[in-house]
Every structure is written in structure tokens, then in C-alpha cells.
Amino acid sequence: MAESVLKTKGLNKTYFGKVNTPVLFDINIEIERGSFTALIGPSGSGKSTLLNCLGLLDPQTSGEIVFDGKSIISQNVNELADFRNANIGFIFQFHYLLPEFTAYENILIPCWIRNGKPSPEIEKEALRIMDRIGVLKLKDKLTSEISGGQQQRVSIARALINKPKLIFADEPTGNLDRDSGGTVLDLMAELNKENNITMVMVTHDREVALRADYIYELVDGKICKYLEVKKTGKAGAAKAIEERACDFK
């Protein structure tokens, strides 16, 4: 694999309570800079938990996360929030846009959080991104007044505004119809190639996963398979996904 932007070393995650629930076991993965990586697996396999750990939304119980060659060792909530806002973008199944704000205002929120009032240059960049992804005409509309597909496009623009090194997407088309979902996926793939933005997507849809450069399959909280679609081709990757045998690592 070429230069990595993110890697884990022996990552484990357990939720503690009346009954302790181990979810992730000794996860070792590497995300190539500029690549599109898919995380797949059955419901309950730990995909979203892994994404939350990688995105520093939920701390791992043990193991190491290395971002851009530096180990993430801080557990300070504010420091991690600042780091995420500067380096990571998120796109979720539900867009989490603020309905009382316009599409344009929602896109600028990460900038407000990071630096206060956005500069004229940032405002211009927001308009450029909106134009690129086809929502400029919605600039002054409240997000409660636009369609689901349009809302998801706005959430993509919001994820891009701080020029993140990595974008995490958790089932980003799960609430969309097939046509709208396909359009959003096409857009994300185009942005990945055009801007060399690294993308990691959780998906239950294997057809979506086959759009990726690399695929990790999780089963019972462990890495079951790792596929390089560039090497196997889509047909080979599809065949490997269908095979039930796992090579647990």
C-alpha cells in the first residue's frame, strides 16, 4: 500500500456497563492517502463502532490510532474536537443539518466553530463548493425546505468546507431512494478523485462497496477479509465477498 493517512495497531473496543460488551478485537487496518475504502459486514459486526473510533468520536479501549504518522494519544475532549474539525469530515445516514439555518449557513458552521466569523475567502469557497455539487440555487433555502437528496449534498459540502484530510461516511445513502443515492455516491467518487480526499465509508450494500479501491469486511468485531479491488478487479472482489470463509487476522 502507498503512503497511509490513517492506521490502527491492535485496536480494541469494549463498552462497559452492568454487562461488559466487547465489540472490536485487535483491529489492524491501514487507509491509503487519497483512496476510497469501504467497511462492510453484517449488522452488529462493529462497522459503525470502528468508524466512530477511527473518527475520534468514541475512544478505543486499547490499541493505537496513527493519523498522518502521529499517534493520537490525547483523550481531552476539547483537543479531540479541535483535531476532528481541522482534519476530518463526517457524512452520516441522517444529515444532521440545523433546520432553522439555510443551506449556506449550515455549510459554514464548521468554520464558525474553528475560527469564528468566516473570512470572505471562506465564504467564496463555500459558494464554489455549492456550485460544484449542484446546490448553489438552494443557498438561501432553509434545509427543512429541500429534498433528502439535496440535504445530503449540503452535508457533503459541509464536510468539505474545512478541506479535511479524511472524510468518514456512515451509510450516507441509507435514507435516500435508489436514484438519489446513486447520484450522491457518484458525486462522492468524483470528489475523491478530483481533490485526492481520502474517504472511508461504512455500507451494507456490496454494490456500493465495489466502487471502492479497498474493502475491509468485519465479522463479529474482527477483520474477516481485506480486498484490493484494483488488483482483483470488481468481478474478483465480488466473488471474494460472496465467499463465506473468513481469514481472521
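Residues numbered from 1 in each chain as written. Predicted model: local features only at pLDDT ≥ 70, side-chain atom pairs only at ≥ 80, totals over all residues. Heavy atoms only, no water.

> Quick question: what am I supposed to make of the side chain of K13 here?
Looking at the element boundaries, K13 is found in strand β1 (residues 4–15). Residue K13 is classed as buried on the basis of its relative accessible area, which comes to 6%. At a separation of 3.2 Å, a polar atom in the side chain of K13 contacts the side chain of D58. Side-chain polar atoms of K13 contact the backbone oxygen of P59, separated by 2.7 Å. Setting aside its immediate chain neighbours within four residues, K13 contacts T21, P22, V23, L24, T49, C53, D58, P59, Q60 and T61. (Helix = DSSP H or I, 4+ residues; strand = E, 2+ residues; numbered from the N terminus. Buried < 20%, exposed > 50% of the residue type's maximum accessible area, 1.4 Å probe, protein only. Polar contact = N/O pair within 3.5 Å; in protein donor to acceptor, adjacent residues only side chain to side chain. Contact = heavy atoms within 4.5 Å.)

> Help me out: how do you make sense of the packing of aromatic side chains in this one?
Aromatic ring pairs: the centre-centre distance and the angle between the two ring planes describe each pair. Considering all chains together, one arrives at six aromatic pairs under this definition. Here the aromatic rings of F67 and F83 are separated by 5.1 Å at their centres, their planes lie at 85°, and the arrangement is edge-to-face. Here F67 is found in strand β5 (residues 62–67), whereas its partner F83 is found in helix α2 (residues 77–87), with 16 residues between them in sequence. Members of the aromatic cluster, joined through ring pairs, are F90, F92, Y96 and F168. Between the NZ or CZ atom of K139 and the centre of the ring of Y104, over which it lies, the distance is 4.7 Å. Sitting over the ring of F25, K222 keeps its end group 5.9 Å from the ring centre. (Phe/Tyr/Trp six-rings, centres within 6.5 Å; stacked < 30°, edge-to-face > 60°. Lys NZ or Arg CZ within 6 Å of the ring centre and 35° of its normal.)

> Honestly, the sheet that holds strand β11 (residues 222–228) in this entry has me stumped. Any pointers?
A sheet is described by the order of its strands in space; here six strands give the open sequence β7-β8-β9-β4-β10-β11, paired in mixed fashion. Strand pairing shows two members of the sheet lacking a second neighbour, β7 (88–92) and β11, which therefore form its edges. Averaged over neighbouring strand pairs, the angle between their axes works out to 15° when direction is ignored. Relative to strand β8 (residues 166–170), β7 runs parallel, the two sharing five bridges. Pairing of G89 across the sheet is with I167, part of β8. Seen against the sheet, helix α5 (residues 148–160) touches β7 and β8 and runs at an angle of roughly 170° to β7. The sheet strands contacting helix α6 (residues 178–195) are β4 (36–40), β7, β8 and β9 (198–202), and the helix crosses β9 at an angle near 150°. (Pairing = 2+ DSSP bridges. Axes fitted to C-alpha atoms, helices over the stretch in contact; angles between N-to-C directions.)

> Would you explain the packing of helix α3 (residues 103–115) against α5 in this entry?
In helix packing, the relevant descriptors are the interaxial angle and the interaxial distance, both defined with respect to the helix axes. Relative to each other, α3 and α5 sit at 30°, their axes nearing to 7 Å. In this view, α3 runs roughly parallel relative to α5, as classed from their interaxial angle. Both α3 and α5 take part in a crossing whose hand is right-handed. Residues A103, N106, I107 and P110 of α3 lie in contact with α5, whose contacting residues are V154, A157 and R158. Its residues placed into classes, the contact of α3 with α5 shows five nonpolar, one polar and one charged. (Parallel < 35°, antiparallel > 145°, perpendicular 65-115°, else oblique. Left-handed = near helix turned anticlockwise from the far one by under 90°. Nonpolar A, V, L, I, M, F, W, Y, C, P; charged D, E, K, R; others polar.)

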